[in-house]
Amino acid sequence: MFMFRGNCGICVLALALVLALVGTSWAAKPTFSPDHAILYKRAVGLLDQAQQKLKAGDLAGAKALVKQSNSLFTLLKKEYATVLTERELSPQEDQQLAINQKLADDTRAEADRLMEAAAVKDKKAQELETQGREADSKASYRQSKDEYNRAQSLYVTSALQALRNQQAIFRFLGP
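Residues numbered from 1 in each chain as written. Predicted model: local features only at pLDDT ≥ 70, side-chain atom pairs only at ≥ 80, totals over all residues. Heavy atoms only, no water.

Trainee: Can you explain the environment of lysine 41? Please cite residues and give values.
Mentor: As for its position among the elements, lysine 41 is in helix H2 (residues 34–56). Along the backbone, lysine 41 and leucine 72 are 31 residues apart, and their C-alpha atoms lie at a distance of 9.9 Å. (Helix = DSSP H or I, 4+ residues; strand = E, 2+ residues; numbered from the N terminus.)

What follows is the structure, given as structure tokens:
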């Protein structure tokens, strides 16, 4: 009788362990819900709106929309982390993602260069101002501001290009 209870206890523990492992594997996989598809559609819509605002010259509006879209894609990445690690991309998708990432990196590097140039011109403008050369100082400040604005525009463009990769990765949620 004692032997039977010992074996039964081991069986119950083994069964509990198996159920716990199966339960965690089921819990780890997210369910594809319409809410996630709505989030994806909203994020893509925000990207499109941001691109339109950037073309129209509304840098602040574009930046805000990019930020919102990034937040939605970050949420989707958290929800689908296991699915994304298991999902294999086609060679075409891989190639397109690499192209988009290269464009984003190149655009960001150009923005970094413009920011450095703007800082140099700003410093030069300050020096000219201390020398009493107001006209030259104002011209240098104007150039500095223009380069700063172009750099900010390129940063937003770079973020848009990087988020287009997220759009491609989560395309399985779209219609």
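Let us keep going from here.
Trainee: An account of the confidence of the model for the chain is needed here, citing residue identities and associated values.
Mentor: Summing up the model confidence of the chain, the mean pLDDT is 82 and the portion of residues at 70 or higher is 81%. Highest mean pLDDT in the chain belongs to helix H3 (residues 59–79) (94); lowest belongs to helix H1 (residues 2–28) (44). The model gives residues 1–29 a pLDDT under 50, and that stretch makes three contacts with residues more than four places away or in other chains. (pLDDT = per-residue confidence, 0-100. Contact = heavy atoms within 4.5 Å.)

Trainee: A description of helix H5 (residues 91–130) should follow, citing residues and the corresponding values.
Mentor: Relative to the 58 Å expected for 40 residues at 1.5 Å per residue, H5 spans 59 Å between its end C-alpha atoms, a close match to the ideal helical length. Within H5 the residues assigned to the buried category are Leu97, Asn100, Ala104, Thr107, Ala111, Leu114, Ala118, Ala125 and Leu128. Lining the buried residues of H5 we find helix H6 (134–169). Of the residues one or two after H5, glycine 132 is the one with positive phi, at around 85°. (Expected span 1.5 Å × (residues − 1). Buried < 20%, exposed > 50% of the residue type's maximum accessible area, 1.4 Å probe, protein only.)

Trainee: Explain H2 to me, and be specific about the residues and the numbers.
Mentor: Taking 1.5 Å per residue as the helical rise, H2 with its 23 residues ought to reach 33 Å, and the 33 Å between its terminal C-alpha atoms agrees with that figure. Three or more residues of H2 are buried, namely His36, Tyr40, Ala43, Val44, Leu46, Leu47, Ala50 and Leu54. Contacts from the buried residues of H2 go to H3 and H6. Looking one or two places after H2, you find glycine 57, whose phi comes out positive at around 95°.

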